[in-house]
Structure formats: structure tokens, C-alpha cells
Amino acid sequence: MKPARTKTPRKPVVKKGSQTNLKDPVGVYCRVRPLSFPDQECCIEVINNTTVQLHTPEGYRLNRNGDYKEIQYSFKRVFGPHTTQKELFDVVANPLVDDLIHGKNGLLFTYGVTGSGKTHTMTGSLGEGGLLPRCLDMIFNSIGSFQAKRYVFKSNDRNSMDIQCEVDALLERQRREAMPNPKTPSGKRQIDPEFADMINVQEFCKAEEVDEDSVYGVFVSYIEIYNNYIYDLLEEVPFDPIKPKWNSCSTPMRNADFVPPQSKVLREDKNHNMYVAGCTEVEVKSIEEAFDVFWRGQKKRRIANTHLNRESSRSHSVFNIKLVQAPLDATGDNVLQEKEQITISQLSLVDLAGSERTNRTKAEGNRLREAGNINQSLMTLRTCMEVLRENQMYGTNKMVPYRDSKLTHLFKNYFDGEGKVRMIVCVNPKAEDYEESLQVMRFAEVTQEVEVARPVDKAICGLTPGRRYRQHTRAGPVGDELLVTEVVLQSFPPLPSCEILDINDEQTLPRLIEALEKRHQLRQRMIDEFNKQAVTFKAMLQEFDSGALNKENYIQGKLNEKEKVISGQKLEIERLEKKNKTLEYKIEILEKTTTIFEEDKRNLQQELDAQNQKLQRQFSDKCRLEARLQDMVMETTMKWEKECERRVAAKQLEMQNKLWVKDEKLKQLKAIVTEPKTEKPERPSRERDREKSTQRPVAPSPAPNAPPLRLRHRRSRSAGDRWVDHKPACNVQTETVMQPHVPHAITVSVPNEKALAKCEKYMLTHQELASDGEIETKLIKGDVYKTRGGGQSVQFTDIETLKQESPTGRKRRSSSAAPAQPDGAESEWTDVETRCSVAVEMRAGSQLGPGYQHHAQPKRKKP
């Protein structure tokens, strides 16, 4: 049975920017600058070459209730205050330049607060060049003799390079040199004395294993990111756009030649790399030319005087060094005219603007706006680092916010695996920068945990190596043989003279033969000795080869064992590191959760206190309301008690009036019953009765012959108090002898509040028609009381009656208000029942006048 065929395994897909998914962490270095004054308080201490420790300053501890805390931070390397620029360059920048020459990209940036020494680290000072001039020096020391002629490489606007032949390059050089103001720097220009000491690097540094079969070209560009806009510092403008001329009113002067700088845009090339479109790239051939271009752009960079730094950078500067490499053709004389064989590598040196707090820099106006944009871009950089770390540690796929800032958007390819990333954290150890240094250390700690994929090795050209020097060398074995022959011939004895002057000369030939025989013997001995030595040497070589092979096998076995142990230890270290990172992340989450819970607890406690205070206020309001309601209840109770007493008194008075009316009716009934019977007259008709009722006088007049009587006034029983005498306008003036008279009284027809307020008593004169048809006058009296609301009320207490009667009895007349009989017949009033069933009633104080109401049942008509 044949074994089953297995499928050919698929080759693993290598992602862009990575080589078998190998990653290296971002290299973070720390440099501590020296103190400005020896007596300054220091808050940063260098423990060893990888660790620094932060101490809480004295003033900070006093403000934080004596809280003293020491924090240690680890870096790949820590450089103390006495570190030289050469030591820093050898450790940090030298590997990046070596990778640049071998076709790999690199990013180096300095990060720190204002005044921490970032610009000094990157640029340097007089007599001590920084990283930038040392990088340029190492590049030109390595490729100095392999540089292509100027304009062989020509940059385009697509972030790539074109190749020109020697003739086109020569024409381009001649055309540029014929221009009145050539833009390209010339190597014959004198060095600017401002930076002559900076580029005078004493230590010679050169890269190893430079490809001699290629030609190189160096292009530099210089940009700045100001207020999140990109400006080209090498762009030629009529006037300096960064520092225009100002007049006495502190406003820029108008000039027709002045052209404001135009910001550049970021674009993506065909390889998905970000670049600045339209940026000026200058080809340089020496460190003097390169640094002259840099210094020309440095003068245009935005700096300002702040409270913390006399020359504070207000923008992020990026100096790009682009190295173009192309192989020689098969002859080794000319550049290979194939654009695909060009290798472009780039080293970006970034000097970040310092993070700062505006309350310390005392920034105002434009300075405040600049500080806000600087802090915003640095915060975006920190956010990108945190998201990258979280994605790598926990396998998430969160989007990294590169586009939130031009700084992070420009260098996103480096974090995606297009080159190495190195960061130098510059710190100032003075106590005033403690809080800013603490934030910088935390950011560095996060950045160290970010891993960047290793870049892919460039493809190697298939041409034969050594093409440059092939035509200048000879074959090696022939020369060696000639040299050995000359040495051997010099060891032989000299030959005698071979000239024969005489035919009989018999000594010359024998001497020559003897010399030749000696040489032959010597040669034979040398051959034998050489053969013996060769055999001995061969045996020794075989023995040495066997011993070396055994040692190699033994060493290889040991190496395999060590590699297994090392790989196991690496796996264990990786596992422990991952576990440590996981635990640190959990601790961080727990700390954040604890902080959130404490904040919630604090908020809930505040809310509980507020609710307790609210309940206490409500309880006090309730107590006050209860006390007020009790007062109102007592007041209302007293009021209603008085009202009830008044109503009871009024009701009693009303009942007394009713009893009086009943008594009057009974008296009338008794009078009717006891009256002698007369003849029963016929009842007059309605018209006659109505006429007589209209002609009936209101009150009987006295006899015409009677002598006049003097009117007598009836004195009130309560004449001592002041009265309100209420006499309605509808009352009829009677001619009785007795008239009511109240002294000191206020007479009114309608009672008013003003009159009641001045008196203590009230009297109402009321008239009504009595049962016998005469007018009856009643004096209704009462007491005036002041109410709680400021008014007056009257409580009636007594009724006095004045009545006028005729000495002779009168016949009862029918009332106009008597109901008619259904059949239209007239009823008779002669019987006692009918006469006693009619009464005249009126309520005290009524404005309707006398009213009539019939209370008897109609008498049935006889059949």
C-alpha cells in the first residue's frame, strides 16, 4: 500500500515591515542635564546606568501633607550629567547611521520639558557638536569615496528618485552653475564661523562593511510643525516669513514682495509611506554643505522667550537625511540605469518642542496658543503609544489615532515596522520641574513597552561583487609564483663568469659545470627537505583538522545544549514578562477601579450629606409649619367660636321674633274671637277692592279739629354710647308723637365702614305693615365689634317696636297678593279661619319691603 501523498506546505506570508514577525521594543534612553546652580534642589538621582530615582521636593511634600514618595524608572541606558556627546552618539545614534548606510530607516527624537537640553542634545553647542553633526560626519566618512557625481540622482515629487546618465548630470551641473544665484550649495563655499566648531568632530567614526560596488547620494530636508501645520524651512522666499519686519505699532509692515509661508500637506506614496509633498530636498556632498543647509533652516525656526527658557522652541523640527544607493553596472564604471535597483533609506532626527504648563511659563496670546498646540500634539503621541501597547499586550485591534496630529501621522510608518525607533528622554533635575518630569517618565515607561517590527532586508543585486576594482588587479597565483621563484633564486650560490675569451680556455666551463652541479644538489636537497616538511605538515594538518573537527563537534554540542537552555530561559522570561505585564495591567485597572470607586463613594457621601441636610431643613420647615398651623387652628377655632356665639345669638333673636309674631297672631285671633258678630256684608268686586286699597291712607290722620300735639322723642335705653343711626331712604315719615332720638349719633342711609369704625352701637330703623294694616316701626339695635382683618361686624341684641293703632276696629280687606280661585269666583273673608290665615311677615334688614304670603287652604265652593 502506497503512503498517502501530503500537500506541499504553504510558505508563511511575511507581513510588510516585519521579518518572520520579529519585533524589537522602542529604545528609550534617559539623559539628565546638570543643574544650572550648585545650590539648587535636585529631585532626580542616577542610581546606575539603567535606573533613575525621583524624590519628592520639600515644598511639594509640604503642600501634600508630608507625603514622601520615591519612584524608580528603568531605561535601556541612563546618561548622567557628565556624559559627553561622543558617548551618547556611540550608544544611541551610531547603530542608526550604520543601518542607514545598509539601507534601513531610522527615527530618533528627543522628548522632555522646556529647558531640559533637547536642542543641545540634537544640535550641540560651540566646541561640542551634537548628534546631528556627528551623524553627518559618520555618513560622509563611510561613503566619501563612493559618492556619485552631483545630479546623477534627481528627486521627484513622489517620494522617490530618478537616475540620470553621466552626460545629463554634466549638463545639469553646467546649467546650475550658470545661474546667477545657484540654490545648490557649493563645496568651495567658506564655512560659516557660527557652526565651524560644531562640525569639527575630533573622533573619526566610520561604518563597517560598506558596499563598494555601489554609489551613494545624500539628500537633506528640514521642516517644522508649528500649530499643527507643516512648513518647509528650506523654501526660498523674498523675506523671512517667520520673522517679518515690524513697525512701531507692533504690527507687520505691508510689502508687495512679502509672501507668507504656505503650509505643506502630507501624502502617501505607492509604498504607503508618508511624506511631505513639495518639500525642498538638497543634495549635499560633505558635512560642511549639509550643516550649512541645516543652519540656514535653523535660523528660520520659531523660537520665543518664555518664563522658563530664554530661547524656547515653539515648534517640532524634523531634519531628514535621505541616503540613495544604486549599484554599478557589470563594468564597474557607470551607475546601473535601472530605477528598480535604487535603495532609499532615511534617518529622521526630530527635536520636539518642550511640554509645558502655561501657569509656569506665564504664556499669553500667541505663546498660549502655541503651548496649547504643542501639548495637544504631544498628548496625541502619548495616546498612540498607549493604544499600540494595549493592542500588542492584549491582542486587541483598536485604531491608533495617527491622524489626530501631523507629528504622529508623518511617522506612522516607523511604528508600523519601517525602521528602528529611538527616543532620548531629556530631564532637568531641578525641583521646580518635578511634576513635569514625573509625566515625562510615565510616558517613557509606556513607550518602552511598545514593540516595532524589524524591517525587511533589502534584496541583493545579482551582479558579481568586486566590480569597482576588478580592472586594477592582476591574477593572484601568477604573481605569487614569481615572488617565490625570486626568493629561491636568491638563496642559490652565484654563477661564475661564463665569458670564454680564449679557445684554449679550459677553466671557465669546468667552473660553470661545478657551480651548476652544486646548484642541482642544493635544489635536490631542498626538494627532499620540502617533501619531508610537506609530509610532516600534511600530517600535522590532518591531525589538526581531526582535532579541530572533534573540538568543533564538542563545541557545537555544548552550543546546542546552551541554546536549548537559553531558548528555554527566553521562553520563561517571555512568559514571566507577559505575566508581569498582565499583572501590571490588572494592577493598573484595579487602581483605576479603586479610584473610580473612591470617587463614587465620595460623591455618594456628599449626596448623602446633602440629603441629610435637606431632610433636616424639611423637618425644621415641617416643625415651623406645624407651629404655624396650630396657631392658625387656634385662631380659626376662636374665630368660629365667636361666629357660633354670634349665630346662636342671632338665631335666638330670630326665634324671639317668631315667638313675638306668634304671640301677636294669637292676640289678634283672640281679639277676632271675642269680637261681636255683625251682619255679613257682601264681598265687593276685585276692582272696587283694588280702588279702595289704593285710596286707603297709609296711616290715619288725626281729627281736623283736634289741637296740635307736641312731638315727644323716645329716649334710647343706651344713650350713653355713640350710635350709628341707619335710616333707609325708603322709610315713610310717620306723624306719631313718640319719635326715636339718639344723641351723638351718626345718621346714615347706607351703613359704611367709616361710620361703624367711630361708634360702638348700631341701630336700624325698619318699617313694615302690621297685621291690622297699620305701619309698624321697629328699632333693631346691636353692638359693633372690630374683626381680626381690620373691619367691623354688628351683633344684634335688641328690638324696640313703635306701632300706631286706630281706636275703632277696621274691616279686613283682601290682599292684592291673595291667590285667585280656579273657577274665578270670589272668596269671602268673613269666617275666622280665613281671616286668621293671612299674616304679614318681613325679615329684619330686608330691602324688599313688606311682603304677603297666604297660608290658608282655599275654601271649597258650595254646590
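What this report covers is the structure whose coordinates are included nearby. (Residues numbered from 1 in each chain as written. Predicted model: local features only at pLDDT ≥ 70, side-chain atom pairs only at ≥ 80, totals over all residues. Heavy atoms only, no water.)

Looking at the environment of L323
What counts here: Runs of H or I in DSSP of at least four residues are treated as helices and runs of E of at least two as strands, each being numbered from the N terminus.
Within the secondary structure, L323 is located in strand β19 (residues 316-327). Taking the C-alpha atoms as reference, L323 lies 8.4 Å from L347; in sequence the two are 24 residues apart.

Regarding the sheet that holds strand β4 (residues 51-54)
We apply this condition: Strands qualify as paired when DSSP identifies two bridges or more between them. Axes here refer to lines fitted to C-alpha atoms; in helices the fit is confined to the stretch in contact. Angles between the N-to-C directions go from 0 to 180 degrees. What makes two residues a contact is simply this: any of their non-hydrogen atoms within 4.5 Å.
In space, the three strands of this open sheet follow the order β3-β4-β5, with antiparallel pairing throughout. The strands lining the two open edges of the sheet, one partner per strand, are β3 (44-48) and β5 (71-74). Strand after strand, the sheet turns through a mean of 30° between neighbouring axes, direction not considered. In this sheet, β4 lies alongside β3 in antiparallel orientation, the contact comprising four bridges. Within β4, the residue paired with E45 across the bridge is Q53. The sheet strands contacting helix α11 (residues 434-448) are β3, β4 and β5, and the helix crosses β5 at an angle near 40°.

Focus on the packing of helix α4 (residues 131-143) against helix α6 (residues 287-298)
This is how the line gets drawn: Each angle is binned into one of four classes, with values under 35 degrees roughly parallel, values over 145 roughly antiparallel, values of 65 to 115 roughly perpendicular, and all other values oblique. It is the rotation of the near helix from the far one that decides the hand of a crossing: anticlockwise by less than a right angle makes it left-handed, clockwise makes it right-handed. Polarity classes work like this: nonpolar for Ala, Val, Leu, Ile, Met, Phe, Trp, Tyr, Cys and Pro, charged for Asp, Glu, Lys and Arg, and polar for all others, with Gly in that last group.
Two numbers describe how α4 lies on α6: the axes approach to 9 Å, and their chain directions differ by 150°. Classified by the interaxial angle, the pair formed by α4 and α6 is roughly antiparallel. Our pair here, α4 against α6, has a crossing hand that is right-handed. From α4, L132, P133, L136, D137 and F140 reach across to α6, where they touch I287, A290, F291 and F294. Its residues placed into classes, the contact of α4 with α6 shows eight nonpolar, no polar and one charged.

Considering the pattern of salt bridges
Two side chains carrying opposite charge are able to pair once their charged atoms lie near each other. Note the threshold: Salt bridge, as used here, is a side-chain nitrogen of Lys or Arg placed within 4 Å of a carboxyl oxygen of Asp or Glu.
This model, assessed by the stated rule, comprises 30 salt bridges. In this structure, R454 engages D24 in a salt bridge whose closest nitrogen and oxygen atoms are separated by 3.0 Å. Of this pair, R454 sits in the loop between β22 (451-453) and α12 (476-491) while D24 sits in strand β1 (residues 23-25), and the two are 430 residues apart along the sequence. One salt bridge connects E281 with K322, and the closest N-O pair in it is separated by 2.8 Å. In this pair, E281 is assigned in the loop between β15 (274-276) and β16 (282-284) and K322 in strand β19, connecting sequence segments 41 residues apart.

A short note on the environment of C384
The following threshold applies: The cut-offs for exposure are 20% and 50% of the maximum accessible area for each residue type, with area from a 1.4 Å probe on protein chains only; residues under the lower value are buried, those over the upper are exposed, and the others partly exposed.
Within the secondary structure layout, C384 lies in helix α8 (residues 366-394). The exposure class assigned to C384 is buried, which follows from its relative accessible area of 4%. Through-space distance from the C-alpha of C384 to that of M399 is 9.1 Å; in sequence the pair is 15 residues apart. Excluding residues that lie within four positions of it along the chain, C384 makes contacts with V400, P401, Y402 and T408.

Structural notes on the pairing of strand β20 (residues 343-351)
Buried residues dominate β20, accounting for seven of its nine residues. Looking at chain direction, strand β7 (residues 105-112) and β20 are connected through five bridges and run parallel. When the sheet's bridge partners are listed, F109 is paired in β20 with V350. With nine bridges joining them, β19 and β20 adopt antiparallel strand pairing. Bridge pairing links K322 to Q346 in β20.

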